[in-house]
Amino acid sequence: MLRLFVGVGLPTSIAEKVGDRVDQLRSSFPNSRWVPPANYHITLKFIGEWKPERLAELVDKLKSVRSDPFSLSLNGWGGFPNLAAPNVMYIGVKDPQDHLVPLARQVDQLCQVVGIGDEGRDFHPHVTIARKAQPLQNLSQHLSTNQNFETPEFKVTSFALFRSDPSPQGQVYSPVEHFELRR
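Summary of the structure given here.

1. Let's talk about the sheet that holds strand β1 (residues 2–9)
Piece 1. Taking strand neighbours across the sheet as the criterion, the four strands line up as β3-β1-β8-β9 in an open arrangement whose pairing is antiparallel. Of all strands in the sheet, those with a lone pairing partner are β3 (41–50) and β9 (170–180), marking the two edges. With strand direction ignored, the average angle separating the axes of adjacent strands in the sheet is 25°.
Piece 2. On the sheet, helix α2 (residues 55–62) packs against β1, β3, β8 (158–167) and β9 and is oriented at approximately 150° with respect to β8.
Piece 3. Sitting on the sheet, helix α3 (residues 100–113) touches β1, β3 and β8, and the angle it makes with β3 is about 10°.

2. Notes on the pattern of salt bridges
Piece 1. Tallying each qualifying case throughout the model produces seven salt bridges.
Piece 2. Close ionic contact of Asp108 with Lys45 constitutes a salt bridge, the shortest N to O distance being 2.7 Å. Here the residue Asp108 occupies a position in helix α3, and Lys45 occupies one in strand β3, the gap between them amounting to 63 residues.
Piece 3. Relative accessible area serves as the criterion here: at 0%, Lys45 is assigned to the buried category.

3. As for the sheet that holds strand β5 (residues 88–94)
Piece 1. Spatially, the five strands line up as an open sheet ordered β2-β6-β5-β4-β7, and their pairing is antiparallel. Edge positions in the sheet fall to β2 (33–34) and β7 (154–156), since each of these pairs with one other strand and no more.
Piece 2. For strand β4 (residues 70–80) and β5, the ladder comprises six bridges, and the chain directions are antiparallel. Bridge assignment links Leu74 to a residue of β5, and that residue is Val93.
Piece 3. On top of the sheet, helix α1 (residues 12–26) reaches β2, β4, β5, β6 (126–131) and β7; it is set at about 15° to β4, its chief contact.

Rules of the game
- Residues numbered from 1 in each chain as written.
- Predicted model: local features only at pLDDT ≥ 70, side-chain atom pairs only at ≥ 80, totals over all residues.
- Heavy atoms only, no water.
- Pairing = 2+ DSSP bridges.
- Helix = DSSP H or I, 4+ residues; strand = E, 2+ residues; numbered from the N terminus.
- Axes fitted to C-alpha atoms, helices over the stretch in contact; angles between N-to-C directions.
- Contact = heavy atoms within 4.5 Å.
- Salt bridge = Lys/Arg side-chain N within 4 Å of Asp/Glu carboxyl O.
- Buried < 20%, exposed > 50% of the residue type's maximum accessible area, 1.4 Å probe, protein only.

On their own, these measurements won't tell you what the molecule is for.
In structure tokens form, the structure reads like this:
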């Protein structure tokens, strides 16, 4: 079985900028599981376990996505499900033209056609930077002092189907297929 998700990868320069700022938080949360910059992405749809023999069917369906390229930036910090007891630390997404939500909706609808269920929650675009491995005390205070963090805008011209494979250092995300955005 393959473990898959659909997402938008970040340009290297943006991932490095985020990684530099994240490095400033690491010492305050030493036992958190930090996501390496190479794995930073915006998830459009979590698929989960998928049979390899059905991969072509999924890829063919995702090829039918239609969306113009658009620009985003990352800004602010947060925690899921909330800052009082977060399981995930993230950086928010600023989508001034509101292209990401319709893209995620379209991907979700196409995935449902091939039997991938709805996640049952609203789409909240973000980039996960850490997962909880200890109580994240004072997270709200730490993140509020970094609230002004914002990356330059970057162009989104494609999305990808990624696979997630375990390694001794954590999950490794690898693109299976890239899909260019076009009308």
